Amino acid sequence: EADIYQTPRYLVIGTGKKITLECSQTMGHDKMYWYQQDPGMELHLIHYSYGVNSTEKGDLSSESTVSRIRTEHFPLTLESARPSHTSQYLCASSEYGLVGDEQFFGPGTRLTVL
Amino acid sequence: AQTVTQSQPEMSVQEAETVTLSCTYDTSENNYYLFWYKQPPSRQMILVIRQEAYKQQNATENRFSVNFQKAAKSFSLKISDSQLGDTAMYFCAFMKRSTSGTYKYIFGTGTRLKVLA
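Computed from a prediction, not measured in an experiment: that's the story for all the values here. (Residues numbered from 1 in each chain as written. Chains lettered and ligands numbered in written order. Predicted model: local features only at pLDDT ≥ 70, side-chain atom pairs only at ≥ 80, totals over all residues. Heavy atoms only, no water.)

Peer 1: Mind showing me how you'd approach the pattern of salt bridges here?
Peer 2: Tallying each qualifying case throughout the model produces six salt bridges over all chains. In this structure, the salt-bridge partner of R50(B) is E102(A), at a minimum N-O distance of 4.0 Å. Residue R50(B) is found in strand 6 (residues 46-52), and its partner E102(A) is found in the loop between strand 9 (87-94) and strand 10 (104-105); the two belong to separate chains. Between K73(B) and D26(B) there is a salt bridge, and its shortest N-O distance comes to 3.5 Å. Taken together, the residues K73(B) in the loop between strand 8 (64-69) and strand 9 (74-79) and D26(B) in strand 4 (residues 24-26) connect sequence positions 47 residues apart. Using a relative accessible area of 35% as the deciding quantity, one classes D26(B) as partly exposed. (Salt bridge = Lys/Arg side-chain N within 4 Å of Asp/Glu carboxyl O. Helix = DSSP H or I, 4+ residues; strand = E, 2+ residues; numbered from the N terminus. Buried < 20%, exposed > 50% of the residue type's maximum accessible area, 1.4 Å probe, protein only.)

What follows is the structure, given as structure tokens:
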């Protein structure tokens, strides 16, 4: 399996809480991504980073924010969680970020906001 | 707009038999890649196979092969000699180049495959 990790795997929290989803990889990849995946639905890119101090928003609008201070670490933060944020969040990384490049996925964090 | 369509939400196949998962896509680009990813229950998503649009020869990886029909914009996945470990969600994906020059995946909605003993 790929060396990309996400914590926590499952999280149930109340509305209004601030949360941070952790993602780290040990492959030295510059490119990292966050996807949101609702049950039975496709993955939607919400954030990506092409290196340290480089972050951009993806195709799906999200109220979350990300940071990339270290190559191996790409956390996602929700300042005030709402029930509409309930979803699965997948982190991924790739070596080159070019066409044809394989992405390596973490196990995901399943978030439930009550 | 570029889209990826998987018309089979769920499929099942007997162990050792062959199954084909369908995928169609829409794009105006000439150079692109197509992928099949597998997401087993409670496990990480992994790449199964990829195909470059310029290559006419269909990609194969052991028991997995694709039928790539560029003109029809079709990209189906064939799994031969199905095994219980093939039970998973399968996503077809297209990689596109965005206006900023970066490459991003567009995923289909997935096909849930169950291999029966």
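Let us keep going from here.
Peer 1: So what exactly am I meant to see when it comes to the packing of aromatic side chains here?
Peer 2: Aromatic ring pairs are defined here through the distance separating the ring centres and the angle between the ring planes. Following the criterion strictly, the structure yields 18 aromatic pairs over all chains and no others. Ring geometry for F68(B) against F75(B): centres 6.2 Å apart, planes inclined by 85°, an arrangement best described as edge-to-face. With a relative accessible area of 8%, F68(B) lands in the buried category. Residue F75(B) is classed as buried on the basis of its relative accessible area, which comes to 0%. Feature note: the residues Y33(A), Y35(A), F105(A), Y33(B), F35(B), Y37(B), F91(B), Y105(B) and F107(B) constitute an aromatic cluster, connected by ring pairs. Above the ring of F74(A), the side-chain terminus of R68(A) is found at 5.8 Å from the ring centroid. (Phe/Tyr/Trp six-rings, centres within 6.5 Å; stacked < 30°, edge-to-face > 60°. Lys NZ or Arg CZ within 6 Å of the ring centre and 35° of its normal.)

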